[in-house]
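# Observations on the three-dimensional arrangement
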Amino acid sequence: MTAPLEHFRSVLMADAELQSLLGPLEDDAAFADAALAVAKARGIALDRDTLTTVTRRDPAALSRFLPAPATATAWPSAGWLPVDVPMLATGIYVDWAWIGPPTGRVFDEVARRRALDRPLSRLLRWRMTLADFVRGYGGAEKPAGLIFHMSRCGSTLVSRMLAALPGALSVSESPAINAVLQLPYLYPASPAQEHAAILSAMLGAFSRRDPSFIKLDAWHALALPQFRNAAPDVPWTFLYREPVEVLVSQQRASGPQLLSGILPSRVYGIAGFETMPEAELSARVLEKICAAAAARDGGLLCDYRELPQAVEHRILPHFGVACSETEREALARTACAGSKIAGHFVPDSGDKQSEADEELRALAERHVGGVHRQLQRLRATQR
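Residues numbered from 1 in each chain as written. Predicted model: local features only at pLDDT ≥ 70, side-chain atom pairs only at ≥ 80, totals over all residues. Heavy atoms only, no water.

### Quick look at the overall build of the protein
To keep things clear, this is the line we draw: Secondary structure elements are defined from DSSP: runs of H or I of at least 4 residues count as helices, runs of E of at least 2 residues count as strands, and each element is numbered from the N terminus. In this description the radius of gyration comes from C-alpha coordinates, and the expected globular size is given by 2.2 Å times residues to the power 0.38. Think of it in three bands: residues with accessible area under 20% of the maximum for their type are buried, residues over 50% are exposed, and the middle band is partly exposed, with areas taken using a 1.4 Å probe on protein chains only. Using a 1.4 Å probe, the Shrake-Rupley method yields the accessible areas, and only the shown protein chains count as cover for residues.
A tally of regular secondary structure across the protein gives 17 helices and nine strands. A globule of 383 residues ought to have a C-alpha radius of gyration of about 21 Å, and the protein, at 22 Å, matches this closely. Taking all 383 residues of the protein together, 52% fall into the buried category. When the accessible surface of the protein is summed, it comes to about 16800 Å², and 55% of that surface belongs to carbon and sulfur atoms.

Written out as structure tokens, the structure is:
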């Protein structure tokens, strides 16, 4: 790395205003022009070839697997979010990418890849050791609410509606959080409080916008004890749905939590996980997820049939977030704007019920029926 480039990077990393100036630029040529002008104004003799070489695009994001050293010891400004937790031979790291101010969109996998591909993210490659990441957390930043779910039960709609609130950050199924939750399985000898400190810091890193909401992966309900240990005062909700309807959706396209090799098999504690027929595995995983939520007090239980109105009338009050009339209108517009794919949100319970055969219904009743009725009884006490 040339001395001018090192100097320019250090200047940028120390100046949040310059990051806000260059961060929104997604076109490579426009970014290079602006960056070179900034460098020149500060007497840094940075040449275009050097700059464009280090900001070369990485479409497959392969650079995260390279044994690159940490580039920082402190957290970046609130314009940055964690995007990955690489576990390399040299240690465990946290990688950040520049996102800028909230724009009314969910920070999901599409937004994450877009943030990684921004020239500023490619130039600075903000990487910290996990230890420095935890030390950098001040403890004050916490999400307004956590969203757990059964899968295929309206959580994407809820996340999008929450993103419509002015200034809100709505995070959806972050790979960085997912990685942190797997650390206790990969490093079981580490103290529970150490894992809690890591999770608390990761939640805090996504909570420097007000309000912030974090929608988790379906299997994360199994980690509810970890979340309550790491963030005991953060309110949470669990979304669920009639099991047959979820199983029909899983039959159409399996969720990642059901694919062998994605998660350690001991996460679910299901014998024969890798060889079990898919329909039965789906039912047994749903049973585990729902039972984990039913076993924890303090969370708001929300049935799919209550959506979208429950976002305004139940979920946001539970999270302690009040809505103005303008904000209520924004929620309603978002509810009308789309489901997971596109178009107006229309509950599809009827279609899924008609698609289910007797074998699937029997599996749903055998494995999930009892815990679903338990969730319904518990929800009735919350109304």
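So that's the structure; there's more coming.
### Some remarks on the nonpolar core
Just so we agree on the cut-off: Nine residue types can take part in a nonpolar core, namely buried Ala, Val, Leu, Ile, Met, Phe, Trp, Tyr and Cys, and a core is a set of them joined through side-chain atoms within 4.5 Å. Contacts are assigned to residue pairs with any non-hydrogen atoms lying within 4.5 Å of each other.
Counting 120 residues, the largest nonpolar core has F8, F133, F227 and F238 as the members making the most contacts within it. Discounting chain neighbours no more than four positions away, the residues touching F8 are L22, A35, V38, A39, I44, L46 and L123.

### Some thoughts on unusual backbone geometry
Of the consecutive residues D210 and P211, the connecting peptide bond is found in the cis state with omega at 0°. Along the chain, P211 turns up in the loop between α10 (192–205) and β7 (212–215). Of note, the amide linkage connecting L307 to P308 takes the cis form, showing an omega dihedral of 0°. With respect to the helices and strands, the residue P308 is situated in the loop between β9 (300–303) and α14 (309–318). One non-glycine residue, R152, lies in positive phi territory at about 55°. For R152, the position within the fold is in the loop between β5 (145–149) and α8 (155–163). On the basis of relative accessibility, which here comes to 22%, the residue R152 falls in the partly exposed class. One non-glycine residue, E173, adopts positive backbone phi at about 50°. Residue placement: E173 occurs in the loop between β6 (169–172) and α9 (175–186).

### Some remarks on the sheet that holds β6
Inclusion rule: One requirement defines pairing of two strands: DSSP has to find at least two bridges between them. For helices, the fitted line uses only the C-alpha atoms of the stretch in contact; every axis is such a line through C-alpha atoms, and the angle between N-to-C directions lies from 0 to 180 degrees.
Strand order in the open sheet formed by five strands is β6-β7-β5-β8-β9, with parallel pairing between adjacent strands. Two strands lie at the open edges of the sheet, namely β6 and β9, each paired on one side alone. If you compare each strand with its neighbour and ignore which way they point, the axes differ by 20° on average. Strand direction decides the pairing type here: β6 and β7, joined by four bridges, are parallel. Considered in β7, the bridge of S170 is made with F213.

### Description of the side chain of T50
As a reminder of what qualifies: Here a polar contact is taken to be a pair of N or O atoms separated by no more than 3.5 Å, where protein atoms must pair a possible hydrogen donor with a possible acceptor and residues adjacent in sequence count only if both atoms sit in side chains.
Looking at the secondary structure, you find T50 in helix α4 (residues 48–54). A residue is classified by how much of its surface remains accessible, and T50, at 17% relative accessible area, is buried. Within polar-contact distance, the side chain of T50 engages the side chain of D47 at 2.8 Å. Apart from residues no more than four positions distant in its own chain, T50 is found in contact with T2 and L5.

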